[in-house]
Amino acid sequence: MRDCYRRSWSRSNSVNFEWLSPLNKRKTFKRAKYPLLDEALYIWFLQKRECHIPVSQDLLTAQATKLYLKLYNDEQFKGSRGCIVNFIKRHNIRFLQITGEKLSNNAATVDTYIEHSRSLVRHLSCQIFNADESGLYFKCITSSTFVSVNESSAPGRKGNKERVTFMSCANADGSYKLPLMLIGKSKRPRALENVRELPLYYASSKNAWMTRQLFKDWFFNEFVPKVTAFLEGANLPLTARLVFGQLFRTLQHRPA
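Residues numbered from 1 in each chain as written. Predicted model: local features only at pLDDT ≥ 70, side-chain atom pairs only at ≥ 80, totals over all residues. Heavy atoms only, no water.

Visitor: So what about the overall build of the protein? Which residues, and what values?
Guide: Counting secondary structure elements, the protein contains 8 helices and 5 strands. Reading the protein from its N terminus to its C terminus gives the helix and strand order α-α-α-α-α-α-β-β-β-β-α-β-α. Of all 256 residues assigned to the protein, the portion counted as buried reaches 27%. Put simply, the protein shows about 19300 Å² of open surface, and 53% of that area lies on carbon and sulfur atoms. (Helix = DSSP H or I, 4+ residues; strand = E, 2+ residues; numbered from the N terminus. Buried < 20%, exposed > 50% of the residue type's maximum accessible area, 1.4 Å probe, protein only. Areas by Shrake-Rupley, 256 points an atom, 1.4 Å probe, with all protein chains shown as cover.)

Here's what the structure looks like:
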(Lines give C-alpha, C1' and ligand atoms only; values in the text may rest on other atoms or scores of the structure.)
Protein backbone atom coordinates (compact mmCIF):
# COMPACT_ATOMS: atom_id res chain seq x y z
CA MET A 1 0.00 0.00 0.00
CA ARG A 2 2.89 2.38 0.82
CA ASP A 3 4.39 1.95 -2.67
CA CYS A 4 0.98 2.33 -4.29
CA TYR A 5 0.35 5.68 -2.55
CA ARG A 6 3.81 6.97 -3.35
CA ARG A 7 3.62 5.98 -7.01
CA SER A 8 0.25 7.69 -7.49
CA TRP A 9 1.33 10.88 -5.67
CA SER A 10 4.73 10.94 -7.39
CA ARG A 11 3.18 10.69 -10.86
CA SER A 12 0.89 13.66 -10.23
CA ASN A 13 3.57 15.84 -8.61
CA SER A 14 6.77 14.67 -10.35
CA VAL A 15 8.69 14.17 -7.09
CA ASN A 16 11.70 11.90 -6.76
CA PHE A 17 11.25 9.96 -3.52
CA GLU A 18 14.85 8.74 -3.56
CA TRP A 19 16.01 12.02 -2.06
CA LEU A 20 12.81 13.03 -0.28
CA SER A 21 12.81 10.08 2.11
CA PRO A 22 15.69 7.83 3.18
CA LEU A 23 13.12 5.38 4.59
CA ASN A 24 14.34 2.55 2.33
CA LYS A 25 17.83 2.80 3.83
CA ARG A 26 16.58 2.01 7.32
CA LYS A 27 16.68 -1.64 8.34
CA THR A 28 14.32 -1.48 11.34
CA PHE A 29 11.60 0.93 12.41
CA LYS A 30 8.43 0.82 14.49
CA ARG A 31 5.46 0.34 12.19
CA ALA A 32 2.53 2.70 12.43
CA LYS A 33 -0.60 1.67 14.31
CA TYR A 34 -2.71 3.25 11.55
CA PRO A 35 -0.80 2.69 8.26
CA LEU A 36 -3.31 4.54 6.10
CA LEU A 37 -3.20 7.59 8.37
CA ASP A 38 0.59 7.45 8.49
CA GLU A 39 0.87 7.42 4.71
CA ALA A 40 -1.73 10.17 4.22
CA LEU A 41 -0.02 12.40 6.79
CA TYR A 42 3.39 11.88 5.16
CA ILE A 43 2.02 12.74 1.71
CA TRP A 44 0.46 15.91 3.18
CA PHE A 45 3.80 16.76 4.79
CA LEU A 46 5.63 16.38 1.46
CA GLN A 47 3.08 18.57 -0.30
CA LYS A 48 3.53 21.36 2.26
CA ARG A 49 7.31 21.20 2.14
CA GLU A 50 7.28 21.23 -1.65
CA CYS A 51 5.53 24.61 -1.33
CA HIS A 52 8.08 25.64 1.36
CA ILE A 53 5.36 25.96 4.01
CA PRO A 54 6.75 25.68 7.57
CA VAL A 55 5.46 22.60 9.40
CA SER A 56 5.56 22.36 13.20
CA GLN A 57 4.74 19.51 15.55
CA ASP A 58 1.46 21.18 16.52
CA LEU A 59 0.52 21.46 12.85
CA LEU A 60 1.27 17.77 12.31
CA THR A 61 -0.92 16.89 15.30
CA ALA A 62 -3.82 18.99 14.03
CA GLN A 63 -3.59 17.54 10.52
CA ALA A 64 -3.33 13.97 11.84
CA THR A 65 -6.55 14.51 13.79
CA LYS A 66 -8.34 15.82 10.68
CA LEU A 67 -7.10 12.97 8.49
CA TYR A 68 -8.08 10.35 11.07
CA LEU A 69 -11.62 11.72 11.15
CA LYS A 70 -11.84 11.57 7.34
CA LEU A 71 -10.29 8.11 7.00
CA TYR A 72 -11.87 6.32 9.94
CA ASN A 73 -14.89 8.53 10.70
CA ASP A 74 -13.92 8.57 14.38
CA GLU A 75 -13.37 11.58 16.65
CA GLN A 76 -11.59 9.69 19.44
CA PHE A 77 -8.10 10.18 17.98
CA LYS A 78 -6.27 13.11 19.62
CA GLY A 79 -2.76 12.73 18.21
CA SER A 80 -0.54 12.33 21.26
CA ARG A 81 2.99 13.70 21.39
CA GLY A 82 4.44 10.20 21.26
CA CYS A 83 2.43 9.40 18.14
CA ILE A 84 3.82 12.41 16.28
CA VAL A 85 7.36 11.84 17.55
CA ASN A 86 7.26 8.26 16.26
CA PHE A 87 5.94 9.51 12.93
CA ILE A 88 8.86 11.95 12.69
CA LYS A 89 11.39 9.23 13.51
CA ARG A 90 9.78 6.74 11.16
CA HIS A 91 10.20 9.03 8.17
CA ASN A 92 13.56 10.55 9.19
CA ILE A 93 12.06 14.03 9.30
CA ARG A 94 14.52 16.65 10.51
CA PHE A 95 13.98 19.94 12.34
CA LEU A 96 15.77 22.93 10.77
CA GLN A 97 15.90 26.65 11.52
CA ILE A 98 14.41 28.77 8.74
CA THR A 99 17.12 31.07 7.37
CA GLY A 100 17.31 33.88 4.85
CA GLU A 101 14.58 35.59 2.85
CA LYS A 102 14.85 33.62 -0.36
CA LEU A 103 11.10 32.94 -0.44
CA SER A 104 9.98 36.55 -0.10
CA ASN A 105 6.59 37.68 -1.40
CA ASN A 106 6.01 38.16 -5.09
CA ALA A 107 6.56 41.82 -5.97
CA ALA A 108 3.68 41.78 -8.46
CA THR A 109 1.28 40.65 -5.73
CA VAL A 110 2.54 43.39 -3.40
CA ASP A 111 2.00 46.05 -6.09
CA THR A 112 -1.57 44.83 -6.65
CA TYR A 113 -2.30 45.02 -2.92
CA ILE A 114 -0.83 48.54 -2.67
CA GLU A 115 -2.86 49.76 -5.65
CA HIS A 116 -6.02 48.30 -4.12
CA SER A 117 -5.20 50.03 -0.82
CA ARG A 118 -4.62 53.34 -2.61
CA SER A 119 -8.02 53.03 -4.25
CA LEU A 120 -9.70 52.43 -0.88
CA VAL A 121 -7.92 55.40 0.69
CA ARG A 122 -8.97 57.70 -2.16
CA HIS A 123 -12.64 56.79 -1.93
CA LEU A 124 -12.98 56.19 1.84
CA SER A 125 -10.34 58.50 3.26
CA CYS A 126 -12.51 59.60 6.20
CA GLN A 127 -13.43 56.05 7.17
CA ILE A 128 -10.05 54.31 6.99
CA PHE A 129 -8.01 54.59 10.18
CA ASN A 130 -4.40 53.69 10.76
CA ALA A 131 -2.90 52.92 14.18
CA ASP A 132 0.75 52.30 14.97
CA GLU A 133 2.73 51.93 18.19
CA SER A 134 6.26 52.87 19.20
CA GLY A 135 8.47 52.90 22.28
CA LEU A 136 9.65 56.05 24.02
CA TYR A 137 12.71 56.10 26.31
CA PHE A 138 11.60 59.26 28.04
CA LYS A 139 14.55 59.41 30.48
CA CYS A 140 17.28 58.65 27.97
CA ILE A 141 19.69 61.49 27.25
CA THR A 142 21.07 62.32 23.83
CA SER A 143 23.77 60.06 22.37
CA SER A 144 25.74 62.91 20.74
CA THR A 145 27.00 66.31 21.87
CA PHE A 146 28.94 69.36 20.75
CA VAL A 147 32.51 69.47 22.11
CA SER A 148 35.22 72.14 22.31
CA VAL A 149 38.26 72.15 20.12
CA ASN A 150 40.36 70.74 23.00
CA GLU A 151 38.25 67.60 23.48
CA SER A 152 39.22 64.51 21.49
CA SER A 153 36.43 62.26 22.83
CA ALA A 154 33.10 62.46 24.63
CA PRO A 155 32.81 59.89 27.47
CA GLY A 156 29.28 58.75 28.20
CA ARG A 157 27.17 57.33 31.02
CA LYS A 158 24.97 54.30 31.23
CA GLY A 159 21.66 55.14 29.58
CA ASN A 160 18.36 54.98 31.43
CA LYS A 161 16.25 52.30 29.76
CA GLU A 162 12.95 53.24 31.38
CA ARG A 163 10.35 53.36 28.64
CA VAL A 164 6.67 53.70 27.82
CA THR A 165 4.73 52.65 24.75
CA PHE A 166 2.46 55.02 22.88
CA MET A 167 0.09 54.46 19.99
CA SER A 168 -1.39 57.05 17.67
CA CYS A 169 -4.46 56.62 15.48
CA ALA A 170 -6.00 58.85 12.79
CA ASN A 171 -7.95 58.55 9.57
CA ALA A 172 -6.41 58.74 6.12
CA ASP A 173 -7.15 62.40 5.37
CA GLY A 174 -6.23 63.59 8.88
CA SER A 175 -9.67 65.03 9.60
CA TYR A 176 -9.97 63.07 12.86
CA LYS A 177 -7.27 62.02 15.31
CA LEU A 178 -7.92 59.89 18.36
CA PRO A 179 -6.20 60.74 21.67
CA LEU A 180 -2.84 59.04 22.10
CA MET A 181 -2.77 55.71 23.88
CA LEU A 182 -0.01 55.57 26.51
CA ILE A 183 1.11 52.34 28.19
CA GLY A 184 3.18 52.45 31.38
CA LYS A 185 4.17 49.93 34.04
CA SER A 186 2.21 51.38 36.94
CA LYS A 187 -1.56 51.03 37.09
CA ARG A 188 -1.87 54.25 39.12
CA PRO A 189 1.26 56.41 38.64
CA ARG A 190 2.03 58.75 41.53
CA ALA A 191 2.51 61.65 39.14
CA LEU A 192 -1.12 61.29 38.08
CA GLU A 193 -2.54 60.74 41.57
CA ASN A 194 -4.61 63.95 41.68
CA VAL A 195 -5.30 64.16 37.95
CA ARG A 196 -8.95 63.46 37.23
CA GLU A 197 -8.91 63.65 33.44
CA LEU A 198 -6.08 62.95 31.03
CA PRO A 199 -5.80 64.19 27.43
CA LEU A 200 -4.93 60.62 26.42
CA TYR A 201 -5.95 57.00 26.93
CA TYR A 202 -3.76 55.45 29.65
CA ALA A 203 -3.22 51.71 30.24
CA SER A 204 -0.62 49.62 32.03
CA SER A 205 1.18 46.30 31.64
CA LYS A 206 4.07 44.58 33.38
CA ASN A 207 6.67 45.59 30.78
CA ALA A 208 4.88 48.67 29.43
CA TRP A 209 4.25 46.75 26.21
CA MET A 210 1.13 46.42 24.12
CA THR A 211 -0.79 43.21 24.81
CA ARG A 212 -3.76 41.58 23.13
CA GLN A 213 -6.07 42.46 26.01
CA LEU A 214 -4.94 46.10 26.11
CA PHE A 215 -5.53 46.48 22.40
CA LYS A 216 -8.94 44.83 22.71
CA ASP A 217 -9.91 47.19 25.55
CA TRP A 218 -8.72 50.21 23.58
CA PHE A 219 -10.62 49.12 20.48
CA PHE A 220 -13.99 48.61 22.15
CA ASN A 221 -13.77 51.32 24.83
CA GLU A 222 -11.99 54.07 22.89
CA PHE A 223 -11.90 53.49 19.14
CA VAL A 224 -15.46 52.28 18.52
CA PRO A 225 -17.33 54.97 20.55
CA LYS A 226 -15.21 57.90 19.36
CA VAL A 227 -15.17 56.87 15.69
CA THR A 228 -18.93 56.22 15.80
CA ALA A 229 -19.53 59.72 17.18
CA PHE A 230 -17.25 61.21 14.50
CA LEU A 231 -19.03 59.42 11.65
CA GLU A 232 -22.46 60.38 12.96
CA GLY A 233 -21.40 64.02 13.28
CA ALA A 234 -20.04 64.03 9.72
CA ASN A 235 -23.16 62.30 8.32
CA LEU A 236 -21.07 59.39 7.07
CA PRO A 237 -22.03 55.70 6.96
CA LEU A 238 -21.28 53.92 10.23
CA THR A 239 -18.53 51.84 8.62
CA ALA A 240 -14.83 52.17 9.39
CA ARG A 241 -11.70 50.16 8.71
CA LEU A 242 -8.76 50.02 11.09
CA VAL A 243 -5.34 49.13 9.71
CA PHE A 244 -2.57 48.43 12.20
CA GLY A 245 0.97 49.20 11.04
CA GLN A 246 2.72 51.54 8.63
CA LEU A 247 0.25 51.28 5.73
CA PHE A 248 0.00 55.00 4.91
CA ARG A 249 3.76 55.49 5.01
CA THR A 250 4.14 52.60 2.54
CA LEU A 251 1.55 54.09 0.19
CA GLN A 252 3.21 57.50 0.30
CA HIS A 253 6.75 56.26 -0.36
CA ARG A 254 5.82 53.71 -3.02
CA PRO A 255 5.74 55.21 -6.55
CA ALA A 256 2.25 55.26 -8.09
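Visitor: Provide a residue-level description of the packing of helix 3 (residues 35–50) against helix 4 (residues 57–72), including the pertinent values.
Guide: As a packed pair, helix 3 and helix 4 sit with axes 10 Å apart at the nearest point and diverge in direction by 130 degrees. Of the possible angle classes, the one that applies to helix 3 and helix 4 is oblique. Where helix 3 crosses over helix 4, the two elements pack in a sense that is right-handed. Contacts from Leu36, Leu37, Ala40, Leu41, Trp44 and Phe45 in helix 3 reach Leu59, Leu60, Gln63, Ala64, Leu67, Tyr68, Leu71 and Tyr72 in helix 4. Across the contact of helix 3 with helix 4, the residue classes break down as 13 nonpolar, 1 polar and no charged. (Axes fitted to C-alpha atoms, helices over the stretch in contact; angles between N-to-C directions. Parallel < 35°, antiparallel > 145°, perpendicular 65-115°, else oblique. Left-handed = near helix turned anticlockwise from the far one by under 90°. Contact = heavy atoms within 4.5 Å. Nonpolar A, V, L, I, M, F, W, Y, C, P; charged D, E, K, R; others polar.)

Visitor: Hey, could you go over the side chain of Asn130 for me, with residue numbers and the actual values?
Guide: Its location among the elements puts Asn130 in strand 1 (residues 128–136). Given a relative accessible area of 13%, Asn130 falls into the buried group. At 2.7 Å, the side chain of Asn130 forms a polar contact with the backbone oxygen of Val243. (Polar contact = N/O pair within 3.5 Å; in protein donor to acceptor, adjacent residues only side chain to side chain.)

Visitor: Could you give me a rundown of the packing of aromatic side chains, with the residues and numbers involved?
Guide: As enumerated under the stated definition, the model contains 12 aromatic pairs in all. Ring pairing ties together the aromatic residues Phe129, Phe215, Trp218, Phe219, Phe220, Phe223 and Phe244, which thus form one cluster. Across from the ring centre of Tyr137, 5.8 Å away, lies the NZ or CZ of Arg163, which sits over that ring. (Phe/Tyr/Trp six-rings, centres within 6.5 Å; stacked < 30°, edge-to-face > 60°. Lys NZ or Arg CZ within 6 Å of the ring centre and 35° of its normal.)

Visitor: I'd like to hear about the packing of helix 4 against helix 5 (residues 81–90), residue by residue, with values.
Guide: For the pair helix 4 and helix 5, the least separation of the axes is 10 Å and the interaxial angle reads 105 degrees. In this view, helix 4 runs roughly perpendicular relative to helix 5, as classed from their interaxial angle. For the pair formed by helix 4 and helix 5, the contact residues are Gln57, Leu60, Thr61 and Ala64 on the first element and Arg81, Ile84, Val85, Phe87 and Ile88 on the second. Here the contact of helix 4 with helix 5 is composed, by residue class, of 6 nonpolar, 2 polar and 1 charged.

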